[in-house]
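Read off the chains here:
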Amino acid sequence: MDVTKNYFKSHHITYHTDSEEGATYVNSIGELNDAKGNRGWIYTVDGQQPTQSADEIATHDKSVIQWVYTDYSN
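Residues numbered from 1 in each chain as written. Predicted model: local features only at pLDDT ≥ 70, side-chain atom pairs only at ≥ 80, totals over all residues. Heavy atoms only, no water.

### Structural notes on the pairing of strand 1 (residues 15-20)
- As paired strands, strand 1 and strand 2 (residues 23-29) are joined by six bridges and run antiparallel to one another. Of the residues in strand 2, the one forming a bridge with Thr17 is Val26.
- The loop that links strand 1 with its antiparallel partner strand 2 comprises two residues; one of these, Glu21, has a positive phi angle of about 50°. (Pairing = 2+ DSSP bridges. Helix = DSSP H or I, 4+ residues; strand = E, 2+ residues; numbered from the N terminus.)

Structure (structure tokens):
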């Protein structure tokens, strides 16, 4: 999460986080936000979607963190 927050801040990207059961997650980036389970943000680390929450990922040996917006409402 620290890497993500620093990237968003340095690129002037608005975002909001929330937490559920102690795990922090991104619920909006710019104008795109999570909505009723139909769409929202997932993230990949080095091309894989981790099973841990974003705030538990160690980044010292990772190359790429990517946020992907999904829309299942159609």
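Having seen it, we continue.
### Brief notes about the nonpolar core
- In terms of nonpolar packing, the biggest core is built from 10 residues, these being Met1, Phe8, Val26, Ile29, Trp41, Tyr43, Val45, Ala54, Ile57 and Trp67.
- If you list the elements that add at least two residues to this core, you get strand 2 and strand 4 (39-45).
- In terms of residue count, strand 4 provides more of this core than any other element does, three residues in total.
- Residue contacts for Ile29: discarding those within four places in its chain leaves Phe8, Ile13, Thr14, Tyr15, Trp41 and Trp67. (Core = buried A, V, L, I, M, F, W, Y, C linked by side-chain atoms within 4.5 Å. Buried < 20%, exposed > 50% of the residue type's maximum accessible area, 1.4 Å probe, protein only. Contact = heavy atoms within 4.5 Å.)

### Remarks on the side chain of Thr70
- In this structure, Thr70 sits in strand 5 (residues 65-71).
- Judged by its relative accessible area of 13%, Thr70 falls in the buried class.
- Beyond its immediate sequence surroundings of up to four residues, Thr70 is in contact with Asn38, Arg39, Gly40 and Ile42.

### Overview of the pattern of salt bridges
- As enumerated under the stated definition, the model contains one salt bridge in all.
- A salt bridge links Lys62 to Asp61; its shortest N-O distance comes to 3.0 Å. (Salt bridge = Lys/Arg side-chain N within 4 Å of Asp/Glu carboxyl O.)

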